[in-house]
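Inside the fold
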Amino acid sequence: MPDTEFNRVLATDCGSTTTKAILIERREDGYRLVARGEAPTTVEAPHEDVTRGVLNAVSELEDLTGLALLEGDDIIRPAEKDRGVDMYLSTSSAGGGLQIMVVGLVRRMTAESAERAALGAGAIVMDVLALDDGREPHERIERMRRLRPDMILISGGVDGGEQRRVVEMTELVAAANPTARLGAKYRLPIIFAGNTDARAAIEETLAEVAELTITDNLRPTMEQENLGPTRQVIQDLFLHHVMAQAPGYSRLVPWTDADIMPTPAAVGSLLRALAQQDGINAVGVD
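A brief report on the enclosed structure follows. In this text, all values refer to a predicted model and were calculated from it rather than measured experimentally.

Opposite charge on two side chains permits pairing when their charged atoms draw close. In the structure shown here, the tally under the stated rule is 22 salt bridges. For R251, the salt bridge is made with D49, and the minimal N-O distance between the two is 2.8 Å. Taken together, the residues R251 in helix α7 (residues 249–252) and D49 in the loop between β3 (30–40) and α1 (50–65) connect sequence positions 202 residues apart. The partly exposed category is assigned to R251, whose relative accessible area is 33%. One salt bridge in this structure joins R116 and E225, with 2.5 Å as the shortest N-O distance. Of this pair, R116 sits in helix α2 (residues 110–120) while E225 is found in the loop between β11 (211–214) and α6 (228–245), placing the two residues 109 residues apart along the sequence.

Turning next to the environment of R231. As for its position among the elements, R231 is in helix α6. We classify R231 as partly exposed; its relative accessible area is 29%. Along the primary structure R231 and D259 are separated by 28 residues, whereas in three dimensions their C-alpha atoms are 15 Å apart.

Quick look at the side chain of E62 now. Relative to the elements of secondary structure, E62 occurs in helix α1. Non-local contacts of E62, meaning those with residues more than four positions away in its chain, are made with L67, A68, L69 and L70.

Residue P78 follows R77 across a cis peptide bond; omega there is 0 degrees. With respect to the secondary-structure elements, P78 resides in the loop between β5 (74–75) and β6 (87–92). Phi is positive for K81, close to 50 degrees, though the residue is something other than glycine. For K81, the position within the fold is in the loop between β5 and β6. One non-glycine residue with positive phi stands out, namely R148, at about 50 degrees. Within the fold, R148 resides in the loop between α3 (137–147) and β9 (151–154).

The next thing to look at is the pairing of strand β7 (residues 98–104). With 7 of 7 residues buried, β7 is to be regarded as a mostly interior element. Burial along β7 is two-sided: the residues L98, I100, V102 and G104 and Q99, M101 and V103 are all buried. For β7 and strand β8 (residues 123–130), the ladder comprises 7 bridges, and the chain directions are parallel. Opposite M101, over in β8, you have D127 as the bridge partner. You can see the chain leave β7, run along α2 and come back into β8, and the turn it takes is right-handed.

Ordered by their spatial adjacency, 5 strands build an open sheet running β3-β2-β1-β6-β12, and the pairing between neighbours is mixed. Unpaired on one side and paired on the other, β3 and β12 (261–262) mark the two borders of the sheet. Where strand β1 (residues 8–14) lies against β6, 6 bridges are found, and the strand directions are parallel. Bridge assignment links T12 to a residue of β6, and that residue is S90. Here α1 sits on the sheet in contact with β1, β2 (18–27), β3 and β6, set at roughly 125 degrees to β3.

With respect to the helices and strands, the residue A193 is situated in the loop between β10 (189–192) and α5 (199–206). The spatial distance from the C-alpha of A193 to the C-alpha of I214 is 6.2 Å, given a sequence separation of 21 residues. Among residues more than four places away in sequence, those in contact with A193 are L153, I154, S155, G156, T215, D216, N217, L218 and T230.

Let's shift gears to the sheet that holds β11. Strand order in the open sheet formed by 5 strands is β8-β7-β9-β10-β11, and the pairing between neighbours is parallel. Looking at which strands have only one partner, the edges of the open sheet turn out to be β8 and β11. Across the sheet, the mean angle from the axis of one strand to that of its neighbour is 20 degrees, orientation sign disregarded. With 3 bridges connecting them, β9 and β10 associate as parallel partners. Within β10, the residue paired with I152 across the bridge is I190. Along the sheet face, α5 touches β9, β10 and β11 and points at about 170 degrees away from the line of β11.

Parameters and conventions
Residues numbered from 1 in each chain as written. Predicted model: local features only at pLDDT ≥ 70, side-chain atom pairs only at ≥ 80, totals over all residues. Heavy atoms only, no water. Salt bridge = Lys/Arg side-chain N within 4 Å of Asp/Glu carboxyl O. Helix = DSSP H or I, 4+ residues; strand = E, 2+ residues; numbered from the N terminus. Buried < 20%, exposed > 50% of the residue type's maximum accessible area, 1.4 Å probe, protein only. Contact = heavy atoms within 4.5 Å. Pairing = 2+ DSSP bridges. Right-handed = clockwise from strand over helix to strand, strands pointing away. Axes fitted to C-alpha atoms, helices over the stretch in contact; angles between N-to-C directions.

Shown next as C-alpha coordinates:
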(Lines give C-alpha, C1' and ligand atoms only; values in the text may rest on other atoms or scores of the structure.)
Protein backbone atom coordinates (compact mmCIF):
# COMPACT_ATOMS: atom_id res chain seq x y z
CA MET A 1 0.00 0.00 0.00
CA PRO A 2 1.60 3.36 -1.00
CA ASP A 3 2.45 5.72 1.82
CA THR A 4 0.06 8.35 0.42
CA GLU A 5 -2.86 6.13 1.39
CA PHE A 6 -2.05 6.19 5.12
CA ASN A 7 -4.26 9.14 5.95
CA ARG A 8 -5.67 7.65 9.18
CA VAL A 9 -3.80 5.16 11.36
CA LEU A 10 -5.06 3.28 14.41
CA ALA A 11 -2.60 1.79 16.91
CA THR A 12 -3.14 -0.10 20.15
CA ASP A 13 -0.89 -1.29 22.94
CA CYS A 14 -2.18 -4.22 24.98
CA GLY A 15 -0.54 -3.65 28.35
CA SER A 16 -0.61 -5.82 31.44
CA THR A 17 -3.47 -3.83 32.97
CA THR A 18 -4.57 -1.26 30.37
CA THR A 19 -5.07 -1.36 26.61
CA LYS A 20 -4.35 2.01 24.99
CA ALA A 21 -5.59 3.12 21.56
CA ILE A 22 -4.44 6.15 19.58
CA LEU A 23 -5.66 7.64 16.32
CA ILE A 24 -3.22 9.45 14.02
CA GLU A 25 -4.25 11.47 10.97
CA ARG A 26 -2.33 13.05 8.12
CA ARG A 27 -2.91 16.80 8.14
CA GLU A 28 -1.48 19.60 6.02
CA ASP A 29 1.36 20.01 8.50
CA GLY A 30 2.10 16.26 8.75
CA TYR A 31 0.88 13.40 10.91
CA ARG A 32 -0.84 14.44 14.13
CA LEU A 33 -2.22 12.56 17.15
CA VAL A 34 -5.98 13.09 17.10
CA ALA A 35 -7.19 11.22 20.19
CA ARG A 36 -6.27 8.62 22.78
CA GLY A 37 -8.58 6.06 24.40
CA GLU A 38 -8.05 3.26 26.88
CA ALA A 39 -9.80 0.34 28.51
CA PRO A 40 -8.86 -2.48 30.91
CA THR A 41 -6.87 -5.28 29.28
CA THR A 42 -8.97 -8.45 29.02
CA VAL A 43 -6.36 -11.19 28.62
CA GLU A 44 -7.21 -12.71 32.01
CA ALA A 45 -10.42 -14.07 33.57
CA PRO A 46 -13.31 -13.48 33.32
CA HIS A 47 -12.98 -12.34 29.68
CA GLU A 48 -9.80 -14.19 28.63
CA ASP A 49 -9.88 -12.52 25.22
CA VAL A 50 -7.49 -9.64 24.57
CA THR A 51 -9.61 -8.37 21.67
CA ARG A 52 -12.40 -7.26 24.03
CA GLY A 53 -10.09 -4.68 25.60
CA VAL A 54 -8.94 -3.57 22.14
CA LEU A 55 -12.51 -3.07 20.95
CA ASN A 56 -13.42 -1.19 24.13
CA ALA A 57 -10.45 1.17 23.74
CA VAL A 58 -11.28 1.79 20.07
CA SER A 59 -14.91 2.44 21.03
CA GLU A 60 -13.69 5.23 23.30
CA LEU A 61 -11.87 6.73 20.31
CA GLU A 62 -15.16 6.68 18.43
CA ASP A 63 -16.83 8.59 21.27
CA LEU A 64 -14.01 11.14 21.40
CA THR A 65 -13.73 11.78 17.66
CA GLY A 66 -17.21 11.11 16.30
CA LEU A 67 -15.67 8.79 13.70
CA ALA A 68 -17.01 5.31 12.96
CA LEU A 69 -14.05 2.96 13.42
CA LEU A 70 -15.83 -0.33 14.16
CA GLU A 71 -18.47 -2.33 12.42
CA GLY A 72 -19.45 -5.01 14.92
CA ASP A 73 -16.17 -6.60 15.96
CA ASP A 74 -14.35 -5.52 12.80
CA ILE A 75 -12.11 -2.48 12.30
CA ILE A 76 -13.39 -0.56 9.28
CA ARG A 77 -10.83 -0.26 6.47
CA PRO A 78 -9.99 1.70 4.39
CA ALA A 79 -10.76 5.20 5.66
CA GLU A 80 -13.55 7.15 3.93
CA LYS A 81 -14.43 10.61 5.23
CA ASP A 82 -15.75 10.00 8.75
CA ARG A 83 -15.38 6.20 8.69
CA GLY A 84 -12.55 3.73 9.12
CA VAL A 85 -8.74 3.73 9.12
CA ASP A 86 -6.08 2.92 6.53
CA MET A 87 -3.82 0.94 8.85
CA TYR A 88 -4.08 -0.84 12.19
CA LEU A 89 -0.97 -1.65 14.24
CA SER A 90 -0.52 -3.13 17.71
CA THR A 91 2.09 -3.84 20.33
CA SER A 92 1.69 -5.96 23.45
CA SER A 93 3.06 -6.52 26.91
CA ALA A 94 -0.11 -8.16 28.22
CA GLY A 95 0.26 -10.98 30.68
CA GLY A 96 3.55 -9.56 31.93
CA GLY A 97 5.19 -9.13 28.53
CA LEU A 98 7.77 -11.44 26.98
CA GLN A 99 9.68 -13.21 29.75
CA ILE A 100 12.99 -14.90 28.94
CA MET A 101 15.59 -16.83 30.92
CA VAL A 102 19.17 -16.58 29.66
CA VAL A 103 21.69 -19.42 29.95
CA GLY A 104 25.38 -18.89 29.09
CA LEU A 105 28.89 -19.99 29.94
CA VAL A 106 30.57 -16.88 31.33
CA ARG A 107 28.40 -14.27 33.05
CA ARG A 108 30.45 -11.30 31.88
CA MET A 109 30.83 -12.47 28.29
CA THR A 110 28.49 -14.83 26.38
CA ALA A 111 25.71 -14.63 28.97
CA GLU A 112 25.95 -10.84 28.94
CA SER A 113 25.68 -10.80 25.14
CA ALA A 114 22.60 -13.02 25.34
CA GLU A 115 21.05 -10.72 27.93
CA ARG A 116 21.60 -7.70 25.67
CA ALA A 117 20.01 -9.54 22.75
CA ALA A 118 16.96 -10.44 24.85
CA LEU A 119 16.55 -6.92 26.20
CA GLY A 120 16.95 -5.48 22.71
CA ALA A 121 14.14 -7.75 21.50
CA GLY A 122 11.80 -6.28 24.11
CA ALA A 123 12.01 -9.08 26.67
CA ILE A 124 12.01 -9.09 30.45
CA VAL A 125 15.07 -11.10 31.53
CA MET A 126 13.92 -13.20 34.49
CA ASP A 127 17.36 -14.56 35.37
CA VAL A 128 20.80 -15.17 33.87
CA LEU A 129 22.36 -18.57 34.56
CA ALA A 130 26.06 -19.15 33.95
CA LEU A 131 28.73 -21.63 34.99
CA ASP A 132 30.40 -18.92 37.06
CA ASP A 133 27.24 -17.58 38.75
CA GLY A 134 28.07 -19.30 42.06
CA ARG A 135 25.05 -21.61 42.04
CA GLU A 136 25.03 -25.38 42.28
CA PRO A 137 23.54 -27.39 39.38
CA HIS A 138 20.47 -28.38 41.42
CA GLU A 139 19.85 -24.71 42.25
CA ARG A 140 19.88 -23.78 38.56
CA ILE A 141 17.48 -26.63 37.75
CA GLU A 142 15.10 -25.58 40.52
CA ARG A 143 15.26 -21.96 39.34
CA MET A 144 14.24 -22.90 35.78
CA ARG A 145 11.37 -25.05 37.02
CA ARG A 146 10.06 -22.38 39.36
CA LEU A 147 10.24 -19.32 37.06
CA ARG A 148 8.48 -20.87 34.02
CA PRO A 149 9.69 -18.43 31.32
CA ASP A 150 8.13 -17.88 27.90
CA MET A 151 11.37 -19.04 26.31
CA ILE A 152 15.01 -19.77 27.10
CA LEU A 153 18.00 -18.32 25.26
CA ILE A 154 21.21 -20.39 25.40
CA SER A 155 24.57 -18.94 24.36
CA GLY A 156 28.16 -19.96 24.88
CA GLY A 157 31.44 -20.65 23.14
CA VAL A 158 33.00 -18.84 20.22
CA ASP A 159 32.81 -20.61 16.87
CA GLY A 160 35.37 -23.41 16.85
CA GLY A 161 35.90 -23.10 20.60
CA GLU A 162 34.40 -24.61 23.77
CA GLN A 163 31.81 -27.37 23.27
CA ARG A 164 31.84 -29.58 26.35
CA ARG A 165 30.77 -26.91 28.81
CA VAL A 166 28.15 -25.54 26.40
CA VAL A 167 26.57 -28.99 26.26
CA GLU A 168 26.90 -29.28 30.04
CA MET A 169 24.78 -26.16 30.57
CA THR A 170 22.26 -27.39 28.01
CA GLU A 171 21.98 -30.71 29.85
CA LEU A 172 20.86 -28.75 32.92
CA VAL A 173 18.06 -27.21 30.86
CA ALA A 174 17.03 -30.67 29.65
CA ALA A 175 17.08 -32.00 33.21
CA ALA A 176 14.92 -29.11 34.42
CA ASN A 177 12.44 -29.66 31.56
CA PRO A 178 10.75 -26.33 32.42
CA THR A 179 7.09 -25.72 31.67
CA ALA A 180 6.10 -22.69 29.61
CA ARG A 181 4.44 -19.87 31.56
CA LEU A 182 1.30 -19.75 29.42
CA GLY A 183 0.51 -23.44 29.63
CA ALA A 184 1.76 -26.97 29.27
CA LYS A 185 -0.01 -27.66 25.99
CA TYR A 186 3.02 -26.73 23.90
CA ARG A 187 6.74 -27.28 24.21
CA LEU A 188 8.86 -24.45 25.58
CA PRO A 189 10.69 -22.52 22.83
CA ILE A 190 14.46 -22.61 23.31
CA ILE A 191 16.94 -20.67 21.19
CA PHE A 192 20.56 -21.78 20.81
CA ALA A 193 22.86 -18.95 19.71
CA GLY A 194 26.27 -20.35 20.61
CA ASN A 195 29.23 -22.22 19.12
CA THR A 196 28.19 -23.56 15.72
CA ASP A 197 30.29 -26.71 16.28
CA ALA A 198 28.06 -27.66 19.24
CA ARG A 199 24.77 -27.56 17.31
CA ALA A 200 24.46 -31.30 16.73
CA ALA A 201 25.01 -32.08 20.42
CA ILE A 202 22.54 -29.36 21.45
CA GLU A 203 19.89 -30.77 19.12
CA GLU A 204 20.39 -34.24 20.54
CA THR A 205 20.18 -32.97 24.12
CA LEU A 206 17.03 -30.88 23.72
CA ALA A 207 15.12 -32.76 21.03
CA GLU A 208 12.70 -34.40 23.47
CA VAL A 209 12.02 -31.50 25.81
CA ALA A 210 11.77 -28.28 23.79
CA GLU A 211 10.89 -26.54 20.54
CA LEU A 212 14.49 -25.77 19.54
CA THR A 213 15.51 -22.95 17.20
CA ILE A 214 19.16 -22.57 16.21
CA THR A 215 20.48 -19.22 15.03
CA ASP A 216 23.81 -17.46 14.46
CA ASN A 217 26.30 -17.33 17.31
CA LEU A 218 25.83 -14.24 19.48
CA ARG A 219 29.60 -14.03 19.95
CA PRO A 220 31.33 -15.77 17.03
CA THR A 221 34.72 -14.46 18.21
CA MET A 222 35.94 -13.01 21.49
CA GLU A 223 35.93 -9.52 19.98
CA GLN A 224 32.76 -9.73 17.88
CA GLU A 225 29.14 -9.50 19.03
CA ASN A 226 26.29 -10.41 16.66
CA LEU A 227 22.93 -9.65 18.30
CA GLY A 228 20.66 -9.00 15.31
CA PRO A 229 19.74 -12.55 14.25
CA THR A 230 18.89 -13.61 17.81
CA ARG A 231 16.72 -10.55 18.37
CA GLN A 232 14.77 -11.36 15.23
CA VAL A 233 14.29 -15.00 16.25
CA ILE A 234 13.03 -13.91 19.69
CA GLN A 235 10.44 -11.61 18.15
CA ASP A 236 9.34 -14.28 15.65
CA LEU A 237 8.89 -16.83 18.43
CA PHE A 238 7.03 -14.27 20.52
CA LEU A 239 4.52 -13.75 17.72
CA HIS A 240 4.07 -17.32 16.48
CA HIS A 241 4.55 -19.40 19.65
CA VAL A 242 4.12 -17.35 22.83
CA MET A 243 1.29 -15.10 21.71
CA ALA A 244 -0.49 -18.00 20.08
CA GLN A 245 -1.07 -19.39 23.59
CA ALA A 246 -2.38 -16.14 25.10
CA PRO A 247 -6.18 -15.77 25.27
CA GLY A 248 -7.58 -13.96 22.25
CA TYR A 249 -4.33 -13.27 20.42
CA SER A 250 -5.19 -15.74 17.66
CA ARG A 251 -8.07 -13.38 16.83
CA LEU A 252 -6.02 -10.19 17.17
CA VAL A 253 -3.10 -11.20 14.93
CA PRO A 254 -5.13 -11.27 11.65
CA TRP A 255 -6.55 -7.82 12.38
CA THR A 256 -3.18 -6.06 12.24
CA ASP A 257 -1.37 -4.81 9.13
CA ALA A 258 2.07 -5.64 10.56
CA ASP A 259 3.38 -8.18 13.06
CA ILE A 260 2.53 -7.46 16.69
CA MET A 261 5.71 -6.53 18.55
CA PRO A 262 6.64 -6.62 22.24
CA THR A 263 6.06 -3.07 23.46
CA PRO A 264 9.69 -2.37 24.52
CA ALA A 265 10.96 -3.60 21.13
CA ALA A 266 8.56 -1.27 19.34
CA VAL A 267 9.72 1.69 21.45
CA GLY A 268 13.32 0.77 20.62
CA SER A 269 12.51 0.68 16.90
CA LEU A 270 10.88 4.11 17.12
CA LEU A 271 13.91 5.57 18.87
CA ARG A 272 16.27 3.99 16.34
CA ALA A 273 14.22 5.36 13.41
CA LEU A 274 14.18 8.83 14.97
CA ALA A 275 17.93 8.77 15.57
CA GLN A 276 18.68 7.60 12.02
CA GLN A 277 16.29 10.11 10.45
CA ASP A 278 17.70 13.13 12.29
CA GLY A 279 21.30 11.92 12.73
CA ILE A 280 21.16 12.18 16.52
CA ASN A 281 21.61 10.04 19.61
CA ALA A 282 18.25 9.37 21.30
CA VAL A 283 17.38 8.04 24.76
CA GLY A 284 13.86 7.09 25.81
CA VAL A 285 12.52 6.75 29.35
CA ASP A 286 9.21 4.97 30.02
